[in-house]
Amino acid sequence: LEEQNRFRNEHGIKAVGRHVPSALKDFSELTSRYNVSSALVETITQCGYTEPTPVQRQALPCMLEDRQILACAPTGSGKTAAFLVPLLHVLGGAQGGPRALILCPTRELAHQIYREALRLSASTQLRCSVIRNVKESKVKEREATIRKSDIVISTPNRLCYLLNQDNVNISLDKVRWLIIDEADKLFEGSADQTSDFRQQLEQVLTACGSKQRRVAMFSATHTPAVAKWCRHNLRGLIAITVGQRNA
Ligand code: ADP
Ligand code: MG
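Residues numbered from 1 in each chain as written. Chains lettered and ligands numbered in written order. Predicted model: local features only at pLDDT ≥ 70, side-chain atom pairs only at ≥ 80, totals over all residues. Heavy atoms only, no water.

**Some points on the packing of aromatic side chains**
Okay, so step 1: With the rule as written, the count across this model stands at 3 aromatic pairs.
Okay, so step 2: Among the aromatic side chains, those forming a connected cluster through ring pairs are Phe187, Phe197 and Trp229.
Okay, so step 3: In this arrangement the basic side chain of Lys25 is found over the ring face of Phe7, its NZ or CZ atom lying 4.3 Å from the centre. (Phe/Tyr/Trp six-rings, centres within 6.5 Å; stacked < 30°, edge-to-face > 60°. Lys NZ or Arg CZ within 6 Å of the ring centre and 35° of its normal.)

**A closer look at the environment of Gln203**
Okay, so step 1: Note that Gln203 resides in helix H10 (residues 197-207).
Okay, so step 2: Residues Gln203 and Thr50, spaced 153 residues apart in sequence, show a C-alpha to C-alpha distance of 39 Å.
Okay, so step 3: With sequence-adjacent residues up to four places away left out, Gln203 is seen in contact with Cys160, Leu163 and Asn164. (Helix = DSSP H or I, 4+ residues; strand = E, 2+ residues; numbered from the N terminus. Contact = heavy atoms within 4.5 Å.)

**Notes on the pairing of strand S6 (residues 177-180)**
Put simply, side chains in a regular strand alternate between the two faces of the sheet.
Okay, so step 1: Side chains Trp177 and Ile179 of S6 all project onto a buried face; the interleaved residues Leu178 and Ile180 project onto the opposite face, where all are buried too.
Okay, so step 2: Note that strand S3 (residues 100-103) and S6 share 4 bridges and pair parallel. In the sheet register, Ile102 faces S6, and the bridge partner there is Ile179.
Okay, so step 3: With 4 bridges joining them, S6 and strand S7 (residues 214-219) adopt parallel strand pairing. Residue pairing in the sheet places Ile179 in a bridge with Ala216 of S7. (Buried < 20%, exposed > 50% of the residue type's maximum accessible area, 1.4 Å probe, protein only. Pairing = 2+ DSSP bridges.)

**Things to note about the sheet that holds S3**
Adjacent strands of a sheet pair through backbone hydrogen bonds, lying either parallel or antiparallel.
Okay, so step 1: With mixed pairing, 8 strands are arranged side by side in an open sheet as S1-S8-S2-S7-S6-S3-S5-S4. If you trace the sheet from one side to the other, it starts and ends with strand S1 (13-16) and strand S4 (128-130), each paired once. Pairwise comparison of adjacent strand axes, ignoring direction, gives a mean angle of 15 degrees for this sheet. (Axes fitted to C-alpha atoms, helices over the stretch in contact; angles between N-to-C directions.)

**Structural notes on the UniProt feature "short sequence motif: Q motif" (unreviewed entry) in the protein**
Okay, so step 1: Per the UniProt annotation, the sites labelled "short sequence motif: Q motif" (unreviewed entry) are residues 29-57.
Okay, so step 2: End C-alpha atoms of residues 29-57 are separated by 10 Å, and the span's content is 66% helix alongside 0% strand. (UniProt positions renumbered as here; feature names shortened; annotations may be inferred.)

Below, the structure written as structure tokens:
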């Protein structure tokens, strides 16, 4: 335990919660501890990721142990791979669903996450998609794409627009992981946010009917509103903070 604390300190990691899994020493531990395929670990290395970043060291073991997290780490610290790698492992083979849903504030960000997902999923058969522009005539096509995808990435607006269509034929029943990226921005709202994010999140969580559903939140800043929501809504929460808190 002492050694774990020292190791976390060295990497500027703070983790608060019950039974926090130990931080990752290197990517190969993913295989020895969690049986992550060596093909996936190889892909990570081929992406040029030789060592896990601090947020990855702590978030990966937590998510692989099915723990709900709030992870705050600076911009550019590798949060995307911190949630994608566990998803790629736990989802296993292609089954559609979707079984993981990633919400983020903007379309640009959704596409960045999508590109990283394509790179990291190279050794898997998993399908990822971004919910694109929803014109009414295209709703049926969008629904089919979503059903076939294992991982769906969207802004809350686009997802909720689809969910609120009449005769909507997509189900989030199989969603095992809901990832909220840039949670600070989503909670504070922005210009193109047509409706309150909390309400949208409520709707999405209700639609994610699975009892085993887990939530992981990622944020560049520590914001009290996000922390409070997580404490109230996420059982067994582990709060991970990397570097300085800039509340
Ligand atoms: P954040 O979401 O925290 O702002 P990103 O996930 O966008 O950060 O990652 C920032 C950059 O770091 C990206 O170019 C990504 O490819 C790269 N990166 C991620 N993880 C690692 C790693 N373990 N080693 C080296 N580079 C990494
Ligand atoms: Mg990011």
